[in-house]
Amino acid sequence: MSDLPVLVTGGAGFIGSHLVDALLARGYSVRVLDNLSSGKLDNLPFGHSRLELIEGNVADAAQVREVVAGCKAVVHLAAVASVQASVIDPVGTHRSNFIGTLNVCEAMREQGLRRVLFASSAAVYGNDGEGEAIDEDTPKTPLTPYAADKLASEHYLDFYRRQHGLEPAIFRFFNIYGPRQDPSSPYSGVISIFTERAAKGLPITLFGDGEQTRDFVYIADLIGILLQALEAPQILPGAVNVGLNRSLSLNRLLEEISALLGSLPEVRRDAARPGDIRHSQASDRRLRQRYRLPEPTPMAAGLASLLGPA
Ligand code: NAD
Ligand code: UD1
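A quick note: this is a predicted structure, and the numbers were derived from the prediction, not measured. (Residues numbered from 1 in each chain as written. Chains lettered and ligands numbered in written order. Predicted model: local features only at pLDDT ≥ 70, side-chain atom pairs only at ≥ 80, totals over all residues. Heavy atoms only, no water.)

Chemist: Give me the environment of Ala239: which residues, what numbers.
Modeler: Tracing the sequence through the fold places Ala239 in the loop between helix H7 (219–231) and strand S11 (240–242). The sequence separation of Ala239 and Phe171 amounts to 68 residues, and the corresponding C-alpha distance is 5.5 Å. Once residues lying within four places of it in the same chain are set aside, the contact partners of Ala239 are Glu136, Glu154, Ile170, Arg172 and Arg286. (Helix = DSSP H or I, 4+ residues; strand = E, 2+ residues; numbered from the N terminus. Contact = heavy atoms within 4.5 Å.)

Shown next, in the form of structure tokens:
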């Protein structure tokens, strides 16, 4: 394995820090660029001889150029991950979520790097394909600044592929969950919020009727796919869904949590959030064509890892 590091932007966050652990375990050197806006130092194995952390902002072109220099590949995960945060602050989100991607593309072009993995999102589909498994050719209807920035980032990465030989592996993550997903903000991932509050006996807020669905993917099931994309001899064009053709309503999710804990705290109802997607279930056909998938982690096992022994 060459010693040049892999750059992981957003590496102190939920998905990024799991990827950093996996890369280090496989013998890679890793450089993390993170502004610690939602990521945490505690997520990273400090003192590891092959890990370097640079606190900085992907929206700063000069800094990105400096950090990309001397790397062999980039995994670009840094972004405001909350769809609702983008509804409240479109401009701030755009700097991180779109300008950040463009800065990464430019720095890679200047320095002749090719392989880049990108965390796009199921949010690009909006409510198209509702009620059925969504494949990658489903029309894109981004409903929020978050979704628009992800879709624009995809198009720019494809431009740099055609024009400058970048090798982008674009993934449309559905709802990833697991340990280290930070539950502390109201805009955090729903499973992190529900499991933390349920375990502490605190009231849970359900936005809408609870019949909205998501295709939840356990973090360990995602990481193996990212490693394959980093090491694949070539990357075919076209984004790939990372979802498992399963959908679970929030009402069913609460039942699963209740079954594991033996009870649930009070569930308060509130209005559906603006821009919220109703149904989300991925076609996993392309994912399975391009990558080897282990048996997906069952929901009950994933939730148990967050709730601990009942
Ligand atoms: P996260 O908030 O834990 O991680 C994002 C990381 O990026 C954090 O460490 C944060 O501090 C960092 N960051 C944010 N803005 C930055 C900036 N301007 N400069 C440098 N660092 C910055 O969220 P996550 O769930 O790990 O998400 C990782 C990526 O995956 C994001 O791009 C997100 O949009 C995407 N994604 C996540 C999901 C999911 O279900 N978790 C689904 C689809 C896409
Ligand atoms: C999530 C990700 C986003 C990703 C998208 C892909 C986070 C924070 N968001 O967005 O990065 O691009 O999946 O599909 O990781 N809800 C409640 N109560 C709560 C919190 C949420 O009812 O306390 C509801 C929401 O209104 C929504 C559902 O739970 O209907 C899921 O919300 P959330 O976890 O924020 O995820 P997405 O918006 O799907």
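Okay, back to it.
Chemist: Before we move on, could you go through the nonpolar core and cite the residues and values that matter?
Modeler: In terms of nonpolar packing, the biggest core is built from 57 residues, with Phe171, Phe173 and Leu253 touching the most fellow members. The leading source of residues in this core is H7, at 8 residues. The next biggest cluster of nonpolar side chains, apart from the first, holds 21 residues, and it includes Val68, Val104, Cys105 and Ala239. (Core = buried A, V, L, I, M, F, W, Y, C linked by side-chain atoms within 4.5 Å. Buried < 20%, exposed > 50% of the residue type's maximum accessible area, 1.4 Å probe, protein only.)

Chemist: So what's going on with the side chain of Thr144? Residues and values would help.
Modeler: Examined against the element boundaries, Thr144 turns out to sit in the loop between strand S5 (115–121) and helix H5 (145–164). For Thr144, a relative accessible area of 7% puts it in the buried group. Apart from the residues within four sequence positions on either side, Thr144 is in contact with Val83, Ser86, Val87 and Gly275.

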